[in-house]
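Structural features, examined
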Amino acid sequence: MTMRDLYTTPIPESTWHVPVAGAARFNWEYDDGRDRLLSLYQKGKDKQWDAQKRIDWGVAVDPHNVAGFPEDLNPLAGSDLWDRMPQEARDEFGRHQGTWLFSQFLHGEQGALTVAARIVESVPDMDSKFYAATQVMDEARHVELYNKFIQDKIGMYYPINQDLAKLLEESLSDGRWDLPYLGMQVLIEGLALAAFGVYRDMSTNPLVKQLLAYVMQDEARHVAFGRLALKDYYAQLTSKERAEREEFVVEGCYLMRDRFKGKEIFETLDMPVKECMNLVDNGPVYQLYQSLLFTRIVPCVRDIGLWGDKVKKAYADMGVLDHAKADLVQLMKQDEDIAEEIDRAKAEQELAVRREEVHEAIAQGTED
């Protein structure tokens, strides 16, 4: 058996080729740089970690309910369709739902890895090249850990969602150096960060909480990088150039909104797709989830200056315009703090175990 046999539907034998446009840019000014970006570069170096060592891979995971959610968070729960399904079919649906989600996380991280490498090549300034180089390592680690999680804990993969594939292709194939930034650092990373946060906060499984919290600690820096790098550049654009970027943002946000509906699950399991999608679209759980997905994107788009009428109208149509009032810096700090708190809790637990072992050894020695 090869890994390709673990996919729910066949995937092409060849690699996916995305033609890239634009130039590789060199800069011979090595000393000049923006303090904020150089500080982020230093932070990126300081915060590197090993996925094999930091995460407790021995924690058990129920493959039929990966995140340990209660049934009322299932988009089909309470429907006639769900009530008619035998327990075996419900378990199989749960397994597909979990592996579909984490497969999309995995594929998104490979996209981020490729785009980050592209940013190193294409950006004109050295401080951005420095930071983007640290992000390449981050994204490689994320691909590693999501793949290990799916392979070891679930044993099944889904192909990449076509909405995500389309946005990745558009971000890479545009010759303008800022489009990979905008597509990945702001839209894809911003939405992924919010999606990770929803599952991190609602999951009852310690392993899922850990890996999502640690990935989010990195992603918070990535979104901050896109925000800092693009804000200065977009202030210099003409009205026409800014309108082109805003059009890209609107299209990308609609693609990202549709990315997490899970239509592929219903198709793979030969379920009534139209009925299932109606339950997803109109269910309170998904509507809340959809709103939360844009908590990072909307304030970031506002901060970098792509805040024309078309963008605001699109966000009003999606029901997420109020997120523009959010404090993006505070949200990023919160994501970093949660990861550090998990580390502290793990350290305290390990210390308590060692103390207990010492006490038992002393008691045993006294008895002898």
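Look up: the structure comes first, before these words.
The structure contained in this document is the topic of the report that follows. (Residues numbered from 1 in each chain as written. Predicted model: local features only at pLDDT ≥ 70, side-chain atom pairs only at ≥ 80, totals over all residues. Heavy atoms only, no water.)

1. Here's the deal with empty space enclosed by the protein
For clarity, the threshold we go by: Put simply, the grid is 1 Å and covers the protein atoms alone, a cavity is a trapped set of points that fit a 1.4 Å probe, a pocket is an open set with protein on both sides within 12 Å along at least five of seven lines, and lining residues have an atom within 4 Å of a point. Grid points are joined across faces, edges and corners, and a volume is the space filled by probe spheres set on the points. Secondary structure follows DSSP: runs of H or I at least 4 residues long count as helices, runs of E at least 2 residues long count as strands, and numbering of each begins at the N terminus. As a working rule, the residues Ala, Val, Leu, Ile, Met, Phe, Trp, Tyr, Cys and Pro are called nonpolar, Asp, Glu, Lys and Arg charged, and the rest polar, with Gly in that last group.
Evaluation of the coordinates by the stated rule reveals one cavity of 30 Å³ or more. One number sums up the size of the largest cavity: a volume of about 50 Å³. Lining the largest cavity are Q104, F105, G108, E109, A112, I188, E189, A192, F196 and R259. If one sorts the elements of the lining of the largest cavity by residue count, helix 4 (residues 87–122) sits on top with five residues. In terms of residue class, the lining of the largest cavity is made up of five nonpolar, two polar and three charged.

2. A word on the environment of E169
Our working definition: We call a residue buried when its accessible area falls under 20% of the maximum for its residue type, exposed when it is over 50%, and partly exposed in between, using a 1.4 Å probe and counting protein chains only. Contacts between residues were defined by any pair of non-hydrogen atoms, one from each residue, lying within 4.5 Å.
Note that E169 resides in helix 6 (residues 162–173). Its relative accessible area of 34% is what places E169 among the partly exposed residues. Separated by 14 residues in the primary sequence, E169 and G183 have C-alpha atoms spaced 9.7 Å apart. Excluding anything up to four places from it in sequence, E169 contacts W16 and V18.

3. Some points on a nonpolar patch on the surface
Heads up, the rule is: Only residues above 30% relative accessible area that lack a salt bridge enter a patch, with like-charged residues linked at up to 9 Å and the nonpolar side chains Val, Leu, Ile, Met, Phe, Trp and Tyr linked at up to 5 Å. Each accessible area is a Shrake-Rupley result for a 1.4 Å probe, and residues are judged covered by the shown protein chains and nothing else. Just to be clear on terms, a salt bridge is a Lys or Arg side-chain nitrogen sitting within 4 Å of an Asp or Glu carboxyl oxygen.
Among the surface-exposed residues, F26, W28 and Y30 lie close enough to one another that they form a single nonpolar patch of about 470 Å² accessible area. Mapped onto the elements, F26 comes out in the segment before helix 1 (35–46). With relative accessibility at 65%, the residue F26 sits in the exposed group.

4. Some remarks on the nonpolar core
Applied cut-off: Note on terminology: a nonpolar core comprises buried Ala, Val, Leu, Ile, Met, Phe, Trp, Tyr and Cys residues joined through side-chain atoms within 4.5 Å.
Counting residues in hydrophobic clusters, the biggest one holds 105 residues, and the most contacted among them are F102, Y146, F149, F294 and Y315. The element best represented in this core is helix 8 (residues 206–234), accounting for 15 residues. Those residues in contact with Y146 that lie beyond four places of it in its chain are F102, F105, L106, E109, F196, L211, L212 and V215.

5. As for the environment of V18
Mapped onto the fold, V18 is located in the segment before helix 1. Take V18: its relative accessible area is 19%, and that puts it in the buried class. Sequence separation between V18 and I362 is 344 residues; the distance between their C-alpha atoms is 64 Å. Once you skip the residues sitting within four places of it in the chain, V18 turns out to touch E169 and L172.

6. A look at helix 6
So the rule is basically this: Each residue after the first adds 1.5 Å to the expected span of a helix. Note that the arc is defined by the directions from the helix axis to the C-beta atoms. Two N or O atoms form a polar contact when they lie within 3.5 Å of each other; inside protein one atom must be a possible hydrogen donor and the other a possible acceptor, and for residues adjacent in sequence the pair counts only when both atoms belong to side chains.
Here helix 6 spans 16 Å end to end across twelve residues, near enough to the 16 Å set by a 1.5 Å rise per residue. Buried within helix 6 are the following residues: L164, A165, L167, L168, S171 and L172. The arc that holds every buried residue of helix 6, seen down its axis, measures 165 degrees, which confines them to one face. On its buried face, helix 6 sits against helix 4, helix 7 (178–202) and helix 9 (239–259). For helix 6, the N-terminal capping position is held by N161, with its side-chain oxygen 2.9 Å away from the main-chain nitrogen of D163.

7. Re the side chain of N74
Relative to the assigned elements, N74 resides in the loop between helix 2 (51–54) and helix 3 (80–84). When near neighbours in sequence (up to four residues on either side) are disregarded, N74 contacts W82 and F93.

Function cannot be read off these values alone, since they describe shape.
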